[in-house]
Every structure is written in structure tokens, then in C-alpha cells.
Amino acid sequence: MELLVAIIIGVLVTSGVYLCLRARTFPVVMGLTLLSYGVNVFLFSMGGLKMDEVAVVGMSENPTDPLPQALVLTAIVIGFAMTAFLVVLALRSQGEHYTDHVDGRDDVPGRQDEGGEA
Amino acid sequence: MNLAFVVMLPFLGAFLPPLVERFTGNRTLLACGAALLPATALALLYAPTRQVFAGETLHSTLNWIPSLDLSLDFRLDGLALLFALLVLGIGLLVILYARYYLSAKEKAGRFYAYLLLFMGAMLGVVTSDNLLLLVVFWELTSLSSFLLIGFWGHQTGARKGARMAMTVTGMGGLALLAGVLLIGGVVGSFSLQTVLESGDLIRGSEWYPLILCLVLLGVFTKSAQFPFHFWLPHAMAAPTPVSAYLHSATMVKAGVFLMARLYPALAGTDLWFELVSLAGMLTLLWGAFAALFQHDLKGLLAYSTISHLGLITLLFGLNSEMAAVAAVFHIINHATFKASLFMAAGIIDHETGTRDMRRINGLWKYMPYTAVLAMVASAAMAGVPLLNGFLSKEMFFAETLDSHQLGALSWILPVGATLGGVFSVAYSARFIHDVFFNGEPVNLPKYPPHEPPRYMKVPVEILVALCVAVGVFPAITVAGLLAVAATATLGGNLPEYHLSIWHGFNLPLIMSFVATAGGVLVYTQRRRLFALRSRVPDIDAKLVFEGQVQRLGRWSAAITQRFQNGSLQSYVAWLIALVAVVLLTQLGKLPALSLDVEMLPMDGVAILCTAMLVAGALLTTILHRHRMTSIMSLSVVGLMVSLLFVRFSAPDLALTQLSVEVVTMLLLMLAMYFLPVRTKAESSSIRVLRDMLLALVCGVGVAVMAFLVMTGETSTISQFFMDNSKSGGGGTNVVNVILVDFRGFDTFGEITVLGIAAMGIYALLKDLELRSAKYDSLGRPWAKDAHPLILVTISRPLLPLALLIAVYIFLRGHNLPGGGFVAGLITSVALVLQYVASGVAWVHSRMPGDYHPVVALGVLLAGLTGIGSWAFGYPFLTSDFAYIYWPVVGKFELATAMLFDTGVFLTVVGATLLMLANLGKLSLLDDKREDA
């Protein structure tokens, strides 16, 4: 199981980071969402994995670690707020600049590493 | 009497002149106001002076930052006393002088405030008993001198001069700080007393060469030693009282003061001799030589000051106790004659309107009294017998003759000294002859010049009187002060010496004769020398310096533009690359990765779900250009993450994740309404490859780290929460109790962030106009259907049911999975469903559409619950609970935490709806515009 969760974290972070590096706002939003899934699961996994051992007093002999859960719970909600903020920022940028490029314009001078339009 | 108080007096006094200026324009009153506190400080020093003369060293201590070994320690020994007297005494004379020097139009209040600020800083430097404290005051002198040099900020010269002085002395100050930190590292303390007693330890340390170089950098920049001397002539753009005070008597002496102060700790090695005496000798000669060729009165004095500072440095560098005594003696003498000369130059400038010696001639006729004063002071500068300059100069000559550290080349020192003397006599002669005789004045801006106001001459008279008194009766005037100061410098043993005018017909006297005769000879040949000098191109230090500063500016701008190129995409890449580097360096420190560890057994469902999650994530990424498909795949990922939480005993997280998933999808769909449906393929394959590499490094690194933590030994503090949840927080759902009780303060911060994000979104969406696409990616127009009937029919009865569930989840949250966050999200989903099904207009006609009051109310309620515990004498957010018996329901728990949770609930509902409803309204606007 630990191996599976580690793979999940790895895939989520890899996809998230790759999408965050894209040039348009929408993939970046998707990337950040994936990345926050990854980070949440990562934080959650720091308490170790336990099955059917809910951290409620009296329901389990050997309960799982509740602290990472409490941290992740607020992180999920804050993560949503951040995603929403980013989405709206992207919309505002679209409204102001008439482009959805993260740089606010399609051609930034001095950006040599950008390849030609394919 | 507290020493710290005396040091603070000028700082306090700095507030007085601007205050006085506010109430009166009377310049005399203003000067009196400025002089009040320094005069008090000087008076307060009377009793300590007697103690110091009796051989005591006074200390005072105030703790400041004990953990850094930094305390407000002050000491008053002979050396500190000498400098304190110079700083306060000459400071008072300069205030009197400035009363007449500054014109009525100038902001004298500000000037005095800066001057007093400097005075306090300088007093701090000389009385600090802690090296770090000394550095702090040292920097303060640089800052206040910047303000004073730039006092006439409307002149370019003043601004550039101030900047140059600040840069050079500031960099020296940094070097000094580094040196002091190293000394502290070697000695183990920053206390001056300890450092002075650890001379052998420092000199024996392997760090000694570095320490010495760093400290000397501070000293040489401050005291304008070659090759850092160039800032001093440009600092002459300052008002003359400043030059008289800072650039002759005090600030430039801070460097030599530090050499005297640290003499027992640093001096006595060959390296010290080589560095210090070489810099001193070069400065002495170059300053004296350059002074002769200055046509500006203050320029001549500035180079002469450089030269005399070089002389003092050279004396310290000779590593002989007698030379150190001579150096201290020359510090006193130079301060008196040079301050009076600057003041005389200021009078001449004031009365003639120019400082150009080619125009100022024959002033003897117009201002004979000032002329006499200036001539006596010049003679002291030249080292004429019966004046104080002669005495220390003789000692200097004698010391150069006594030094044999250069072996067969030892003759260089006396020859260099004599040569310096020659030029010193020559420029002094020029100051006297060129200004007061040598024909008639040429084209003066103010004509005819006359004697200055009576009291403007008083400071000059006092200083010149001191020159004569010390020169004629050294034993009864200066001997006592010199003895205590020199004793403090050397740290104990004072060599035997006699201050007297006549030492017999000896070699130093012959050197004096040679210097005087040579100087007069050089002066008579000045026209030829000037002609020769004019053939050599001038190097304007200001131009060179400004050029370097601008080159540095361009260079840093180029580097900045290289990285700050306005491309957010590249910033993100840099950030992630940095994270990847950190990950790679840290992975090496983790234990070896092995799959052969104890793990929970896998099962088919888990593998299937993992496969689906991985597929979803990969599809989201690979198909990210097809945005709708990408969102669909993303929702699969979210769902699988919720299941993961279910599987691993985190029902609270699963509930939260599931509801968040719903609102996130809605949000993305709403945004899609305005954004292009497809992403163009525009990244080059190199960039794609690079991004893949970065992503893989991060992903694999994080996965490995997570795996190692999950399978490794962990220790946790959670047992505390498990044990105290019921008894301390009154709930059995530990996760919820942590949120609302144990770590309630964190949660309070988090809902505040949520509220702020919602407000930010509200602000961003205000007045935003966006046009939606009218056609899909294949060119078909979007359907304009009204709200689908089935959804409307199902969603309406769902609302009360969903709200009921939310209440249930909320109420049980303290004991079973649930709570404010989850209940808030469920409520939001239920309400958002109405928006989706029936439209914004329908919903807003049935309930208020303003959600920011709800957010505010939520944060306020949570905050008030926290503050409420103050009323009962408990810290912020202490919770309490009680059980009550309700009819029908039975035993029921009431906890203040529930009130807090209600705040959380309201914030979540308000924030979520504020975000989504406002986004929804945007499309409403768009539709209306279209209809119109």
C-alpha cells in the first residue's frame, strides 16, 4: 500500500509541476490543482498509513495519527480558495490583456528560450 | 553619574534645534538651544575627568541583546576622555561659529540637528566598551556625515561628495564589522576589555592577517588613507563648520582613534608595521604634495589633513611605544590647528565670496586680525617652534630616526618624513603668503572684504590660543591629558619622555631646519612647479568614481533584466528548478531506498483505484490542450483522492475532499465559459523536455521521500491529542477537536485567509468585462437553452434535505466525522446547485446575493469566541464545554468550540458562494449585453 501511495504522490507531483510550467493560464490552474492533491496526500502520508483505524476516541484500539489529518483538512479548503483566486486572476488577466498567456502578453521581449509557434 | 547618559545627551539634543526653530527665528537662540545639551554633557564630564586623571577607568553597562553578547557598555579611560573632550569642546566651538556662518535663509535647525546627531555618534564610538556597539556608532557617524556633507543638497557637488563619502566609509564600515566579528570569534567576547587583554591570542591566531586587513580597511577608509583618500577633498562641498568639525578634528580621526584603541590587541607585528606604516608614509607624502597644488583654500586644507592623518598613521605603524605617544600628541595638535584653519578659511570665504587662492590676495590690509590668527595656525601646521605642531613634529622626526625595522633601508623613513615636512612648510607658506600678501585681490565677488562679526572669531581665537599655549608651555597644559590618553592607548606602561621646546641641537632639529628651508625654497619656485604640474593630466576622482558607480548600476540592471525578464513562466521554472536542486541535495542524506520493508498488504481494489488515479492524472496532463477533457480527467483524480482518504481512516478528509471537488469542478466549468476551449501547442520541444525533466525530478524526489517516511520509524506527538481530546476538548472526533480547540488559533488564521481570498476575488471581478465564446471549437454555436427541467425539478427538493444533512454533520462534528468545514461545504454545494439549475436571477430573487457580510460574520464570530475566553481570565481561544439535558433529545453537549465552529461554517459558506456566485454573475452580465 505504501508503495501505491508513493506512486500516487509521485505522479500527482510530476503532472502538477509539468502543467504549472505551461504557458497558458488554464493548464497552470489544472497543474496547481494536481499539485495540491499531491501535497495534501504527501502531508497526509506523513502520519503513516492505517486502515480502519479512525481517529475517534473509543472507535479504535490503535487509531491513526489525527494531526496530519487536521492539517490537511484546512489545506484542502485553503487550496480551493487559492485555486479559485487563481482562476479569477486568470479571468482578470484575460479581460485586461486579451490573452491567456501567463506572462500577460504573447510576446515577451528577451524570452529567447521560447520556441516558435507550432 | 551614568556614562551612557552623557553619550545620549547629544542625541537628545538633536531634537531641540528643530523644535526651537519652530517657535523662533532668532539665530542666537537657536544656537544656544543646540549648544545646551553638549555643554551639559561637557560639564557632566568634569567629575569623571578627575577620576580618569587619578588613573581610574570608568564603566557603565546596560543590557541590550545579551544573547548576541551585545550590551550598551561604555568606558571612559584616558583615550576616550581625550576624544570626548575634542568632540564636545570643538563641537561647541563649531556651533558658535555656525551661528554666524549660516545665512538667515538656511535651515539652521536641521543643520544643528545633524551636527548633534554626529556628535552623539562620535561620542559613542570613542566611549564604547563593546566592539559591536562601536561598529554601530561607527556606521552612525558615516550616516550623519552623509547628511552633513549633503546639507546643501541643491548643489551637485554636495550630493556627489556625500554619496562618495558614504560609499567609501560605508564599505569600510562593513569590512570593520567583519573584522570585529572575527575578533569576537577568536577571543570569544566582544567586550573591549577582554579583547585588549587578548592581544597575544589574536596575534597568534591564524585569522590574524584577515582580521588586521579588515579592521585596517575600516580605519583607512574613515581616516582617508591612501588609496582611499579621494573622498575627503570632495567632502569639502560641505558647509565649512562641518569641514572644521568632521574633516579635521573628529570623524576622520575615528580611524586613527580605532588604531589607538586596538593598539594593544593588534599592533606589534611585522604585518602591522608593513601595512600601517606604508599606507601612512604614502598618504603623508601624497597629501602634502597634492596640497601645494590646490587653488581652493579648503582643498589645500583637505589634502593637508590627509597628509597629517598619514603622519599619525605612520607613527602608529612604527610599533614603538614612544611613536604611539607622539601619534596621540599629534592627534590633539592637529585637531586644534586644523579646526582653526578651516574656520579661518570659512571666514575668508564668507567675507570675500570665493575660496580661489588665485583671486584672494593681499587680505592683510582688509582683515589683519583674522590674518594674524590664520598665520599663527598655519605656522603651527608647518611646525614652527613655539607652536604645538613643532613639538609633535620633532617627536615624529625622532621616531623615524629610531626605527630600524627596514634594516639597511631604514633611512627611507627619516628622508620621507623630511620630504613631507618640506611640502608641509611649502603649502603652509602658500596659505599665508598667497592669501594675505602677494599683491591685491583679483575680481572678488564681495569687495571690499572686512573683518567678520566679533563672535565668529572667538572659536578661532580659543583654538589658536591653545596652539600657542601648548607650544610654549607643554608641560603645564597638555602633559597630563597626553599622559592618561597615551597610557590608555598603550594599555599600561608609558615610556619615559619629556615635553619641552628645547632638546638640544640634535638630528630632528636639523631635519626641521632642512624642512623649513626646503619648504620656503619650494614655495618660491611654485610658478615653475605649477607649470610643470599643469602638464600632467588631472585624474578627477569624482568622475572615475561616478563612472564606476554607473557601470555597477548598468551591470546590475543587465543581470536583473536577464532574470526579471517579465516572463512569469520563466520565474516559475527558476523556482521549481531551485526546489529540484534542494530535493536532489537532500535525497542523498536519506537512508537507502529498499522495497524489502514491512508494508500494508495491497489488494485488487487499491491497485485498480491507483491505476485510475494515475491514468486520470496522466490524461489531465497529456490532454491539457483539450480543456474540457482535461477537466473531466481531473475530476476522476479528485474522486480517487477522496477514496484514498476513506481507505486510510480519514473520513473527515474524504468528506471535505469530496465537497471541495464538486465546487472546484463548478468553478473550472464557469471559468471555461470565458477562456479559450483549446490551448495552442507553442512550447518548443526543448522546453517540453526541460519541463518534463524538472517535473520528473520533483515527482520522483517527493515520492521517494514520502515512501521513506511512510515505511520508516516515526515518532508522533498525537498521543497527547488522543488522550486529551475528550477530557480537555469535550469531543471524541480528535481531528475536529484539534481544529477547533487544540490548534484553534491556526484554524482562525486559515478562515481569515479564506475570507481574504474571497474578498480578493470579489475585488478582481468587480467591473470586469469578459466576452464568452459564441461558438465551440468546431464552429458550432453554443446552445441557448433555458435551464434543463429535470435538473430544476430534482434540485429544489434536494435543498432542504441537503441543508438538513449539513446541520446533522455540523452538530455531530465534535464527536464523529464532520464539523464546520464539511457542513459549510455541503451547504455551499446545495446552494450552488440551485444557481446551476435555476440561474443566478432566480436564486437572488429568493435570497440575498451578498455574501461578504456572511464571511465577515463568520470570522468575527470565531474571533469573538476566542476573545470571550479573556473575560474569564483564560488565554485566547480557550474552550469550555458542559452537558445539559434536553427533553426528548437527552444528554447534549454544549461547547464554546461549537460557537467557533459556527464561525468556520459561516466563513466557508460565505467565501465559497462569494466566489462562485460572482463568477456566475459575470456570465449574466455577458448575456444581458448580448441581449441588448
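So, how was this worked out
Residues numbered from 1 in each chain as written. Chains lettered and ligands numbered in written order. Predicted model: local features only at pLDDT ≥ 70, side-chain atom pairs only at ≥ 80, totals over all residues. Heavy atoms only, no water. Helix = DSSP H or I, 4+ residues; strand = E, 2+ residues; numbered from the N terminus. Buried < 20%, exposed > 50% of the residue type's maximum accessible area, 1.4 Å probe, protein only. Areas by Shrake-Rupley, 256 points an atom, 1.4 Å probe, with all protein chains shown as cover. Contact = heavy atoms within 4.5 Å. Salt bridge = Lys/Arg side-chain N within 4 Å of Asp/Glu carboxyl O. Polar contact = N/O pair within 3.5 Å; in protein donor to acceptor, adjacent residues only side chain to side chain. Expected span 1.5 Å × (residues − 1). Core = buried A, V, L, I, M, F, W, Y, C linked by side-chain atoms within 4.5 Å. Buried area = accessible area lost by both parts, 1.4 Å probe. Nonpolar A, V, L, I, M, F, W, Y, C, P; charged D, E, K, R; others polar. Phe/Tyr/Trp six-rings, centres within 6.5 Å; stacked < 30°, edge-to-face > 60°. Lys NZ or Arg CZ within 6 Å of the ring centre and 35° of its normal. Pairing = 2+ DSSP bridges. Patch = residues over 30% accessible without salt bridge, like charges linked within 9 Å, V, L, I, M, F, W, Y side chains within 5 Å. Axes fitted to C-alpha atoms, helices over the stretch in contact; angles between N-to-C directions. Parallel < 35°, antiparallel > 145°, perpendicular 65-115°, else oblique. pLDDT = per-residue confidence, 0-100. Lys, Arg positive; Asp, Glu negative; His and termini not counted.

## Let's talk about the overall build of chain A
Looking only at helices and strands, one finds 3 helices and 0 strands in chain A. Helices (α) and strands (β) of chain A occur, in sequence order from the N terminus, as α-α-α. The buried share of chain A, taken over its 118 residues, is 67%. In the form shown here, chain A has an accessible surface area of approximately 4,000 Å², with 60% of it arising from carbon and sulfur atoms.

## Points about the overall build of chain B
Across its full length, chain B carries 40 helices and 4 strands. Counting across all 932 residues of chain B, residues that qualify as buried make up 54%. Taking contacts inside chain B between residues at least 6 apart in sequence as the whole, the part at least 24 apart equals 78%.

## Quick look at the environment of G819(B)
All names here are of chain B. Positionally, G819 belongs in the loop between α36 (789–812) and α37 (820–838). Placed 83 residues apart in sequence, G819 and T902 show a C-alpha to C-alpha distance of 9.0 Å. Apart from the residues within four sequence positions on either side, G819 is in contact with N736, I809, F810, G813 and D901.

## Points about the pattern of salt bridges
All names here are of chain B. Within this structure, the stated rule accounts for 19 salt bridges over all chains. Of the charged contacts, one joins D434 and R430 as a salt bridge, the two residues approaching to 3.0 Å between their closest N and O atoms. Of this pair, D434 and R430 both sit in helix α21 (residues 412–436), 4 residues apart, which is roughly one turn of the helix. Just as D434 is buried, R430 falls in that class too. Salt bridges here are not isolated pairs; linked through shared partners, they connect R75, D77, D129 and R261.

## Points about the side chain of S142(B)
Residue and element names in this part refer to chain B. Within the fold, S142 resides in helix α7 (residues 131–149). Within polar-contact distance, the side chain of S142 engages the side chain of K222 at 2.9 Å. Excluding residues within four positions of it along the chain, S142 makes contact with M166, T169, G170 and K222.

## Concerning helix α18 (residues 321–352) of chain B
Three- or four-residue spacings in an α-helix give side chains the same orientation, since the helix completes a turn every 3.6 residues. The first and last C-alpha atoms of α18(B) sit 46 Å apart over 32 residues, in line with the 46 Å expected at 1.5 Å per residue. The buried fraction of α18(B) amounts to 30 of the 32 residues, a majority that puts the element mostly inside the structure.

## Here's the deal with the nonpolar core
Ranked by size, the top nonpolar core spans 202 residues in total, and within it W231(B), L266(B), W272(B) and F316(B) carry the most contacts. When sequence neighbours within four positions are dropped, the list of residues in contact with W231(B) reads M164(B), A165(B), V168(B), T169(B), T221(B), K222(B), A224(B), H247(B), M251(B) and V252(B).

## What about the interface of chain B and chain A?
Of the residues lining the interface, 116 residues belong to chain B; the matching set on chain A comes to 87 residues. Three residues stand out in chain B for area buried against chain A, namely F648(B), E682(B) and M710(B), and they jointly supply 9% of the buried area on that side. Counting the contacts that link chain B with chain A gives 2 salt bridges. Across the salt bridge formed by D100(A) and R627(B), the nearest N and O atoms sit 2.9 Å from each other. Linking chain B with chain A are 20 residue pairs in polar contact (both at pLDDT 80 or more), by the criterion used here. Take the side of chain B that touches chain A: its biggest share by element is 19 residues, from helix α32 (residues 685–711) of chain B. Looking at the side of chain B that touches chain A residue by residue, the classes come out as 72 nonpolar, 28 polar and 16 charged.

## Re the packing of aromatic side chains
Enumeration according to the criterion identifies 24 aromatic pairs over all chains in this entry. The interplanar angle of 70 degrees and the centroid separation of 4.9 Å between the aromatic rings of F83(B) and F257(B) together place this pair among those described as edge-to-face. Of this pair, F83(B) sits in helix α5 (residues 78–101) while F257(B) sits in helix α14 (residues 251–261), and the two are 174 residues apart along the sequence. Of the two residues, F83(B) and F257(B), both sit in the buried class. Judged by centre distance (5.9 Å) and plane angle (20 degrees), the ring pair of Y97(B) and Y101(B) falls under stacked. One end of the pair is Y97(B) and the other is Y101(B), both in helix α5 and 4 residues apart, which spans about a single turn. Classification of Y101(B) as buried rests on a relative accessible area of 8%. These aromatic residues form a ring-pair network of at least three members: W286(B), F289(B), F293(B), F423(B) and F530(B). A cation sits over an aromatic face here: R22(A) above Y18(A), 4.2 Å from the ring centre.

## What to know about the environment of M343(B)
Residues and elements named next belong to chain B. Locating M343 in the fold gives a position in helix α18. A residue is classified by how much of its surface remains accessible, and M343, at 0% relative accessible area, is buried. Separated by 246 residues in sequence, M343 and Y97 have C-alpha atoms that sit 7.7 Å apart.

## A short note on the pairing of strand β2 (residues 70–76) of chain B
Residue and element names in this part refer to chain B. Of all the 7 residues making up β2, 6 are buried; the element is thus mostly covered by neighbouring parts of the structure. Alignment of strand β1 (residues 58–65) against β2, held across 7 bridges, turns out to be antiparallel. Note that in β2 the partner of S60 across the bridge is F74. Here β1 folds back onto β2 in antiparallel fashion, the turn holding 4 residues, of which D69 has a positive phi close to 60 degrees.

## A short note on unusual backbone geometry
All names here are of chain B. The step from F226 to P227 runs through a cis peptide bond, and the omega angle for that step is 5 degrees. Mapping P227 onto the fold places it in the loop between α11 (208–222) and α12 (231–234). We note that N438 has phi near 60 degrees; this positive angle belongs to a residue other than glycine.

## Examining helix α30 (residues 627–647) of chain B
For α30(B), built from 21 residues, the straight-helix expectation of 30 Å at 1.5 Å per residue is met to within 8% by its first-to-last C-alpha distance of 30 Å. Its buried side turned inward, α30(B) meets α1 (2–20), α2 (25–45) and α3 (66–97) of chain A together with α29 (604–622) and α31 (651–672) of chain B. S649(B), located one to two residues past α30(B), shows a positive phi value of around 60 degrees.

## Quick word on a nonpolar patch on the surface
On the surface, W502(B), F505(B), L507(B), I510(B), F513(B) and V514(B) cluster together to form a nonpolar patch covering roughly 680 Å² of accessible area. When you line up the elements, F513(B) lands in helix α25 (residues 507–524).

## Quick look at the packing of α30(B) against α31(B)
All names here are of chain B. Closest axis-to-axis distance for the α30/α31 pair is 8 Å, and the angle between their directions is 170 degrees. The orientation of α30 relative to α31 falls into the category roughly antiparallel. Contacts between α30 and α31 involve R627, M628, I631, M632, L634, S635, G638, L639, V641, S642, F645 and V646 on the former and, on the latter, P651, L653, A654, Q657, L658, E661, M665, L668, M669 and M672. Broken down by class, the residue content of the contact of α30 with α31 amounts to 16 nonpolar, 4 polar and 2 charged.

## Structural notes on the confidence of the model for chain A
Of all residues in chain A, 89% attain a pLDDT of 70 or more, and the chain-wide mean is 84. Per-element confidence in chain A is highest for α1(A), whose mean pLDDT is 94, and lowest for α3(A), whose mean pLDDT is 89.

## Side note on the packing of α3(A) against α31(B)
At a closest axis distance of 10 Å, the pairing of α3(A) and α31(B) adopts a crossing angle of 5 degrees. One way to sum up the angle between α3(A) and α31(B) is to call them roughly parallel. Between α3(A) and α31(B), the contacting residues are Q69(A), V72(A), L73(A), I76(A), V77(A), F80(A), T83(A), A84(A), V87(A) and L91(A) on the first element and D652(B), L653(B), T656(B), Q657(B), V660(B), V663(B), T664(B), L667(B), L668(B) and A671(B) on the second.

## Focus: the side chain of K298(B)
Residues and elements named next belong to chain B. Relative to the elements of secondary structure, K298 occurs in helix α17 (residues 297–317). We note that K298 is buried and unpaired, the nearest opposite charge coming from D349 at a distance of 6.2 Å. A distance of 3.0 Å separates a polar atom in the side chain of K298 from the backbone oxygen of M236. At 3.0 Å, the side chain of K298 and the side chain of S243 are in polar contact. For K298, the contacting residues outside a window of four places in its chain are M236, A238, P239, T240, S243, F342 and R355.

## With respect to the confidence of the model for chain B
Residues and elements named next belong to chain B. Residue-level pLDDT values for chain B average 88, and 98% of them are 70 or greater. Mean pLDDT values over the elements of chain B span from 69, in strand β4 (residues 890–895), up to 95, in α11. Scored as a complex, the prediction yields pTM 0.70 and ipTM 0.90.

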